[in-house]
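# Coordinate inspection notes
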Amino acid sequence: MNAIDPDRWNAAWEADLDVLRRLRSNGDLPHVLRPVDVSFRGTLEALRRLEAGCSNFGFEVLEFVETDEHGEPWLLLVREQTTDEDAIRDLTMTYLQIEDSFGVENDGWGCVGQTEE
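One structure accompanies this document, and this report is about it.

## Considering helix H3 (residues 85-102)
Helical geometry note: an α-helix holds 3.6 residues per turn, so side chains three or four residues apart project in the same direction. For H3, with 18 residues, the first-to-last C-alpha span of 26 Å sits near the 26 Å given by 1.5 Å per residue. Those residues of H3 that fall on the buried side of the exposure criterion are Ala87, Ile88, Leu91, Thr92, Thr94, Tyr95, Leu96, Ile98, Glu99 and Phe102. Buried residues along H3 sit against helix H1 (6-25), strand S1 (34-41), helix H2 (44-53), strand S3 (74-81) and strand S4 (105-110). Where H3 starts, the residue carrying a side-chain oxygen 3.1 Å from the main-chain nitrogen of Asp86 turns out to be Asp84.

Structure, rendered in structure tokens:
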């Protein structure tokens, strides 16, 4: 796997920290396991390859849309994890590696905040 450009990493990590700050401000308990989804956009062919290989990255397919309202395909993957900083740092690295490996673009990640044990 190729190294991730530090500027690209920093931009992605800063965006992910914004998501974490919003979760925390709403009372999220970062240590609680929950489904975390990650959306990708790209060509239909690239997304099909990712669909077939997503389990290698610990994901399963939540939804595959061949044509959205803009005529574009997208793929929504999900995996169980926490939202502590280390887990999200790993998620960030993983989706950047997926972008490089499959020629797709991450379109964001999200989860339902967990406020109870």
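So, next bit.
## Details of the nonpolar core
Core analysis: the largest hydrophobic core is formed by 28 residues, its most contacted members being Phe40, Leu50 and Trp109. Among the elements that take part in this core, H1 stands out by supplying 7 residues, more than any other. When sequence neighbours within four positions are dropped, the list of residues in contact with Phe40 reads Leu47, Leu50, Trp74, Leu75, Leu77, Tyr95, Ile98, Val104, Glu105, Asn106 and Asp107.

## Details of the packing of H1 against H3
Packing of H1 against H3 brings their axes to within 10 Å, and their N-to-C directions diverge by 135 degrees. Relative to H3, H1 is oriented oblique. In terms of crossing hand, the pair formed by H1 and H3 is right-handed. For the pair H1 and H3, the contacting residues are Arg8, Trp9, Ala12, Trp13, Asp16, Leu17 and Leu20 in the first and Glu85, Ile88, Arg89, Thr92, Met93, Tyr95, Leu96, Glu99 and Asp100 in the second. The residue inventory of the contact of H1 with H3, partitioned by class, reads 9 nonpolar, 1 polar and 6 charged.

## What about the pairing of S3?
With 7 of 8 residues buried, S3 lies mostly within the body of the structure. Looking at chain direction, S1 and S3 are connected through 8 bridges and run antiparallel. Among the inter-strand pairings, Arg41 is bridged to a residue of S3, identified as Trp74. For strand S2 (residues 60-65) and S3, the ladder comprises 5 bridges, and the chain directions are antiparallel. Across the sheet, the residue bridging to Phe64 is Leu75, located in S3.

## Re the side chain of Ser39
Tracing the backbone through its elements, the reader meets Ser39 in strand S1. Relative accessible area serves as the criterion here: at 11%, Ser39 is assigned to the buried category. Here Ser39 is in contact with Trp74, Leu75, Leu76, Glu105, Asn106, Asp107 and Gly108, once residues within four sequence places are set aside.

## Comments concerning H2
Inspection of H2 places Ala46, Leu47, Leu50 and Gly53 among the buried residues, and these make up the whole buried set. In an axial view of H2, the angular spread of the buried residues amounts to 130 degrees, which keeps them on one side of the axis. Exposed and facing more than 90 degrees away from the buried side of H2 are Glu45 and Ala52. Residues of H2 that are buried make contact with S1, S2, S3 and H3.

Cut-offs applied
Residues numbered from 1 in each chain as written. Predicted model: local features only at pLDDT ≥ 70, side-chain atom pairs only at ≥ 80, totals over all residues. Heavy atoms only, no water. Helix = DSSP H or I, 4+ residues; strand = E, 2+ residues; numbered from the N terminus. Expected span 1.5 Å × (residues − 1). Buried < 20%, exposed > 50% of the residue type's maximum accessible area, 1.4 Å probe, protein only. Contact = heavy atoms within 4.5 Å. Polar contact = N/O pair within 3.5 Å; in protein donor to acceptor, adjacent residues only side chain to side chain. Core = buried A, V, L, I, M, F, W, Y, C linked by side-chain atoms within 4.5 Å. Axes fitted to C-alpha atoms, helices over the stretch in contact; angles between N-to-C directions. Parallel < 35°, antiparallel > 145°, perpendicular 65-115°, else oblique. Left-handed = near helix turned anticlockwise from the far one by under 90°. Nonpolar A, V, L, I, M, F, W, Y, C, P; charged D, E, K, R; others polar. Pairing = 2+ DSSP bridges. Arc of directions from axis to C-beta.

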